[in-house]
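Fold and geometry: a report
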Amino acid sequence: MTKRALIYCIALLLAPLAICGQTINGDTIVPERVVVKCPSYGMTFMNNLDTYLSGYNHTGCGIYFSNENFRDARTGNYRWKYQTLLTANLGITTLHDDTQLSGMVNYSWSGYHPFKVGERLQLLAGAQIQVGGGALYIPTNGNNLVSVKMRAALAASGMAIYHIPTKRGDCVLRYQIDVPLAGVMFAPEFGQSYYEIFGLGDYGRTVSFSHPVNSPSMRNTFSADIPIKMWSRSTTLRLSYVIDILQSDINDIRTHLYNHAFTIGFVKTIYKVKRDERKIFHNPF
């Protein structure tokens with residue numbers, strides 16, 4: 001065995017010990033990036049109206065999923081925070097003997113500037129880009145069976161984050177509000193079929209400008225991150241309540257999609273440590 005091969009073998013044998021021996025002192029080392037992730041699952045109660053399909057409300061329930069990433073900016077002395085949020089729901093709503101199937105997916109990217117108010121309260125204000133789509137389907141309809149939803153908007157967004165000290169760590173209460181201000185929306189004209197739009201190329205005014213007057217919408221999120229002990233390990237449980245309101249009155253077609261969702265998830269905090277840089281530890285929350 002050559003001398004170089006012997007050195008490689010010794011290095012491989014000592015590598016596990018070196019990894020196990022590394023420790024992170026949270027008071028002295030600042031991560032290059034701290035990302036707080038939380039996938040959540042739950043149930044949503046729905047109230048849907050789309051006059052393209054029916055002139056009556058359909059009510060029911062479904063499943064709701066969300067996945068949030070929340071982090072600090074790498075630069076700027078933590079003066080900016082970013083959030084990406086993916087939400088999706090599948091539901092069944094009914095009216096008498098009519099059954100409506102629905103599915104929606106929404107994605108948003110937000111940037112915030114934080115304002116510290118005392119030791120426990122933090123306020124965030126910023127802007128948000130929203131993109132979403134989905135469909136409503138009534139199989140028993142005579143003519144129009146499906147209503148397709150596609151939208152993109154620029155929204156105002158804000159948060160209030162409050163810390164409550166406990167024995168296992170801080171319980172974090174958070175309220176977030178997102179209000180679309182301007183965007184575009186796919187909206188067929190009253191009586192216009194999808195065959196006319198996509199088959200014959202009669203697009204008309206199917207893409208319309210949306211604003212708070214013709215599309216007053218809002219999303220409110222209340223969440224509580226609760227530190228708990230589970231299976232001899234400490235973890236953080238997130239309980240959330242989401243009120244998602246999407247409305248529009250465009251081209252003589254009225255739509256509202258109301259969701260009241262209750263979800264549960266587990267928070268995961270990922271620390272990417274930058275070597276040999278010792279500062280005060282920081283967390284985006």
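Residues numbered from 1 in each chain as written. Predicted model: local features only at pLDDT ≥ 70, side-chain atom pairs only at ≥ 80, totals over all residues. Heavy atoms only, no water.

If you check the backbone angles, H96 has positive phi at about 55° while not being a glycine. Relative to the elements of secondary structure, H96 occurs in the loop between β3 (81-95) and β4 (98-117). (Helix = DSSP H or I, 4+ residues; strand = E, 2+ residues; numbered from the N terminus.)

By the element assignment, N47 lies in strand β1 (residues 29-50). For the pair N47 and H260, spaced 213 residues apart in sequence, the C-alpha to C-alpha distance is 9.0 Å. Beyond its immediate chain neighbours, meaning those up to four positions away, N47 contacts N57, H58, T59, H256, L257 and Y258. Within the structure, N47 has its side chain in polar contact with the side chain of H256 (distance 2.9 Å). (Contact = heavy atoms within 4.5 Å. Polar contact = N/O pair within 3.5 Å; in protein donor to acceptor, adjacent residues only side chain to side chain.)

Here we take up the confidence of the model for the protein chain. Averaged over every residue, the pLDDT of the protein chain is 84; residues scoring 70 or more account for 81%. Every residue in residues 5-28 scores below 50 in pLDDT, and together they form 11 contacts with partners more than four places removed in sequence or on other chains. (pLDDT = per-residue confidence, 0-100.)

Counting across every chain of the model gives six aromatic pairs. A ring pair is formed by Y241 and F262, whose centres lie 4.8 Å apart and whose planes are at 20°; its orientation type is stacked. One end of the pair, Y241, is in strand β10 (residues 233-250); the other, F262, is in strand β11 (residues 253-278), and 21 residues separate them in sequence. Accessibility expressed as a relative area gives 25% for Y241, which makes it partly exposed. Following the ring pairs from residue to residue traces out a cluster consisting of F45, Y175, F222, Y241 and F262. For the cation-ring pair, R174 lies above F70, with the distance from its terminal atom to the ring centre recorded as 5.9 Å. (Phe/Tyr/Trp six-rings, centres within 6.5 Å; stacked < 30°, edge-to-face > 60°. Buried < 20%, exposed > 50% of the residue type's maximum accessible area, 1.4 Å probe, protein only. Lys NZ or Arg CZ within 6 Å of the ring centre and 35° of its normal.)

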